[in-house]
Amino acid sequence: MNACQQLAITQFGQPSVLAMQTAEIPVPSDSQVLVRVAYAGVNPIDAKTRAGLGWAAQQNKDNLPWVPGYDIAGKVVKVGANVQELAVGERVAGFVGFPLAGGGYSEYVAVEADALSRVAKGVPLANAAALPLAGQTAWQALDKGQADENDRVLILAGAGGVGHIAIQLAVARRANVMASCSAANMAFVSGLGATAVDYHQAPLAEQIEPVDVLIDLMGGDIGIAALDCVKAGGRVVTIPTITADAVCEQAQLQGLEAEGMLVSPSVEQNNAMMAMLEAGQLQLHIAAQYPLSDGAKAHSDIEAGHTRGKIVLAVGSSE
Ligand SMILES: NC(=O)c1ccc[n+]([C@@H]2O[C@H](COP(=O)([O-])OP(=O)(O)OC[C@H]3O[C@@H](n4cnc5c(N)ncnc54)[C@H](OP(=O)(O)O)[C@@H]3O)[C@@H](O)[C@H]2O)c1
């Protein structure tokens, strides 16, 4: 059997443009391993690209059908000639093909061995697949915002994929963390160690004392309104790329330091968070698991904008 199943974007549009396709199982190069994917993580960028929005869509518009997916977890089934660090049968996870190649929504993926983290026995592969892109975004945003011990840090969208990890990483840095969410997510967000602030109740700036750092996972008008929560001279990191310029311009007018960011794959950061997962110092919430062939449902959920934690696709045999 040299064939594998994948879920591909056949044209830009609604979730229904996602369709299963058959492809050849890739052959790993000397420095790669072949991973039989158990779970693929779903991220908002997958849905944006499917809709034809953003850089990955522009780059791949003449390259459809294109297989999205940047987060994978599974088992090594073949190793390239020069691979020393991984062996057949090992459980691995990683942030792959970002941003141009994608490819995670597939039963088999060939990946550079040094781009993968080992997954400890106690960590479910579904959780390992939910971690890479969201976890590294959370880590890098807190680094950029220099969120430190005793800083007051406000995280917008604390219940989402990036937000629920960012809360826990900021708490681990001993910051004083506040996070916005709806009433339905107050208990979830508080349980992660943040003071939950219901954004439906009143403008955030009326509900909390000024903060040192704003981690803006909403962008646009919501990110701009939240600038009023930041102390003079405070720091802002705005994550959604499409509105980053607008948020940064307004922040600068208000005397704040502001930056956008694009997450950059880091196996070291992934390894560190894997160790936290194993030690029970980081919890990942999986809102839903869908079979790969139901990826359209996962995209519809993500686009509704109220996912609690992460969504993963069950691709192949799990353990
Ligand atoms: N630049 C980069 O490299 C990069 C990397 C990763 C992600 N991103 C972007 O960052 C954003 C967040 O990603 P994500 O994966 O965390 O998204 P996500 O998981 O889809 O976020 C969903 C969460 O947003 C919350 N939410 C919706 N409206 C809200 C509001 N008005 N105020 C506060 N929370 C609200 C929802 O909570 P409630 O149900 O409680 O409202 C829900 O839990 C996306 O735009 C994504 O594309 C960018």
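- Under the annotation held in an unreviewed UniProt entry, the protein carries the name NADPH:quinone reductase and is attributed to Photobacterium proteolyticum.

A closer look at the nonpolar core
Piece 1. In terms of nonpolar packing, the biggest core is built from 87 residues, with Ile155, Val189, Ile215 and Leu313 touching the most fellow members.
Piece 2. Among the elements that take part in this core, strand β3 (residues 32-42) stands out by supplying seven residues, more than any other.
Piece 3. In this structure, this core is formed jointly by two domains, domain 1 (3-131 + 284-314) and domain 2 (134-260), each of which donates at least three residues.
Piece 4. Contact partners of Ile155, with chain neighbours within four places excluded, come to Gly163, Ala166, Ile167, Ala170, Val177, Met178, Ala179, Ser180, Ile215 and Leu217.
Piece 5. Core analysis: the second largest hydrophobic core is formed by 18 residues, Met178, Leu204, Ala226 and Ala251 among them.

A closer look at helix α9 (residues 244-253)
For the α-helix, the turn length of 3.6 residues means that residues three or four positions removed from each other point alike.
Piece 1. Residues of α9 that are buried: Ala244, Val247, Cys248 and Ala251. Within α9, the buried residues cover an arc of 95° as seen down the axis, which keeps them to one side. Turned more than 90 degrees off the buried face of α9, the exposed positions are Asp245, Glu249 and Leu253.
Piece 2. Those residues of α9 that are buried are in contact with β11 (211-216), α8 (220-226), β12 (230-238) and β13 (257-260).
Piece 3. Immediately beyond the C-terminal end of α9, within one or two residues, lies Gly255, with a positive phi of roughly 80°.

Details of the pattern of salt bridges
Piece 1. Inspection of the entire model under this criterion finds seven salt bridges.
Piece 2. The closest approach of N and O atoms between Asp212 and Lys231, which form a salt bridge, is 2.9 Å. Linking Asp212 in strand β11 with Lys231 in strand β12, this pair joins segments that are 19 residues apart in sequence.
Piece 3. Judged by relative accessible area, Lys231 falls into the partly exposed class, the value being 33%.

Concerning the sheet that holds β13
Piece 1. Spatial ordering of the open sheet is given by β10-β9-β8-β11-β12-β13, a layout of six strands whose pairing is parallel. Only two strands of the sheet have a single neighbouring strand rather than two, namely β10 (195-198) and β13. Within this sheet the neighbouring strands show an average axis-to-axis angle of 20°, counted without direction.

Describing the environment of Ala184
Piece 1. You can see Ala184 is positioned in the loop between β9 (176-181) and α6 (186-191).
Piece 2. In this structure Ala184 comes out as exposed when scored by relative accessible area, which is 62%.
Piece 3. Through-space distance from the C-alpha of Ala184 to that of Ala226 is 21 Å; in sequence the pair is 42 residues apart.

What about unusual backbone geometry?
Piece 1. Here Leu64 and Pro65 are connected by a cis peptide whose omega angle stands at 0°.
Piece 2. Cis geometry marks the peptide bond from Phe98 to Pro99; its omega dihedral reads -5°.
Piece 3. Mapping Pro99 onto the fold places it in the loop between β5 (91-95) and β6 (108-112).
Piece 4. Although it is not a glycine, Asn150 sits at a positive phi angle of roughly 70°.
Piece 5. With respect to the helices and strands, Asn150 occurs in the loop between α4 (132-144) and β8 (152-155).
Piece 6. The residue Ala157 is not glycine, and still its phi comes out positive at about 65°.
Piece 7. Locating Ala157 in the fold gives a position in the loop between β8 and α5 (161-172).

Re the confidence of the model for the protein
Piece 1. For the protein, mean pLDDT is 97; residues scoring 70 or higher make up 99% of the total.
Piece 2. Confidence scores differ between elements of the protein, with helix α2 (residues 55-60) showing the lowest mean pLDDT of 92 and β8 the highest of 99.

Criteria and thresholds
Residues numbered from 1 in each chain as written. Predicted model: local features only at pLDDT ≥ 70, side-chain atom pairs only at ≥ 80, totals over all residues. Heavy atoms only, no water. Core = buried A, V, L, I, M, F, W, Y, C linked by side-chain atoms within 4.5 Å. Buried < 20%, exposed > 50% of the residue type's maximum accessible area, 1.4 Å probe, protein only. Helix = DSSP H or I, 4+ residues; strand = E, 2+ residues; numbered from the N terminus. Domains from an automatic or database assignment. Contact = heavy atoms within 4.5 Å. Arc of directions from axis to C-beta. Salt bridge = Lys/Arg side-chain N within 4 Å of Asp/Glu carboxyl O. Pairing = 2+ DSSP bridges. Axes fitted to C-alpha atoms, helices over the stretch in contact; angles between N-to-C directions. pLDDT = per-residue confidence, 0-100.

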